[in-house]
Structure formats: structure tokens, C-alpha cells
Amino acid sequence: MKLLESAENYLEAILMVREEKGSVRAIDIVNHLGFSKPSVSVAMKQLETNEYITRDKEGSIYLTESGEEIAGMIYERHKLLTELFEEMGVSHETAREDACKVEHDISEETFQCIRNYHKR
């Protein structure tokens, strides 16, 4: 099943916030993505219903195994594509924005080839 780009963005954001802060709450996602609290709340409920995240009584958010897998894949793509674009002369901000667009649509085959090419 192909996950919607917005869901992938939320999972990636959870991973990024966790790496930065050690723990994740909904307000951290609001601040990270710049979305409204109600939008993030609805998204977290959908991710929880689809078993990509769990939440404890204190409101901390945790990626499930499947959520971790998707978030890791998207984040890896984001980092590598950003780095590649910057190496090609693209400004950091534009490289980051463009990587965010490409990371969701690029095929696994193409990404693997880019990864292998970049390792040289």
C-alpha cells in the first residue's frame, strides 16, 4: 500500500524531532512542521489508527516498527538527496525543499542507483 505523502511527512517529522529532542509530543510536530494543532491531532489519530505510531498517557509519540521503517526510508532519501543537490551547487534551502519533493516520488530502483553513484 502506498502511503500518502502527508503521512510520510508526519512520520519523518516524528523521527527528526526524536533525534533532536529525544522524545516527541504533538506540540513538537506542530512546531517542526508549522501546522495547526487540530491538523496535527487529526494526523496523529490517523497514524495511530493505522498502527504507524503509538502514544502513551502522557502524550508522548512513538513510531511502531512499520512507522520507523517508513520514516527511516524517507529521512534517508531526504538527507542523501539534499547532500547531492548541494554538491551540485544548489543552495542549502533550495536543496532541502527540492529533496522533500523528490523523496516521496522517486522509485526505489532510482534511489538505489543514486545511493550507489554517490558512494563513489
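Participant: Which parts of the structure should I look at to understand the confidence of the model for the protein?
Facilitator: As a general rule, the predicted coordinates of low-pLDDT regions are not to be interpreted in detail. Model confidence for the protein is summarised by a mean pLDDT of 93, while 98% of its residues fall at 70 or above. By mean pLDDT, the top-scoring element of the protein is strand 2 (residues 61-63) (98), and the lowest-scoring one is helix 6 (residues 108-119) (91).

Participant: Help me out: how do you make sense of the nonpolar core in this one?
Facilitator: One broad trend across soluble globular proteins is that nonpolar side chains are buried collectively. By size, the foremost hydrophobic cluster in this structure holds 22 residues, and its most contacted members are Leu 11, Ile 14, Ile 29, Met 44, Leu 47 and Ile 53. Those elements that place two or more of their residues in this core are helix 1 (5-21), helix 2 (26-33), helix 3 (37-49), strand 2 and helix 4 (65-87). With 7 residues, helix 1 is the largest single contributor of residues to this core. Among residues more than four places away in sequence, those in contact with Ile 14 are Val 24, Ile 29, Met 44, Leu 47, Ile 53, Ile 61 and Leu 63.

Participant: Which parts of the structure should I look at to understand the environment of Leu 33?
Facilitator: With respect to the secondary-structure elements, Leu 33 resides in helix 2. Residue Leu 33 is classed as partly exposed on the basis of its relative accessible area, which comes to 25%. Counting along the chain gives 24 residues from Leu 33 to Asn 9, while the straight-line C-alpha distance between them is 8.9 Å. Leu 33 has contacts with Tyr 10 and Ala 13, leaving out every residue within four places of it along the chain.

Cut-offs applied
Residues numbered from 1 in each chain as written. Predicted model: local features only at pLDDT ≥ 70, side-chain atom pairs only at ≥ 80, totals over all residues. Heavy atoms only, no water. pLDDT = per-residue confidence, 0-100. Helix = DSSP H or I, 4+ residues; strand = E, 2+ residues; numbered from the N terminus. Core = buried A, V, L, I, M, F, W, Y, C linked by side-chain atoms within 4.5 Å. Buried < 20%, exposed > 50% of the residue type's maximum accessible area, 1.4 Å probe, protein only. Contact = heavy atoms within 4.5 Å.

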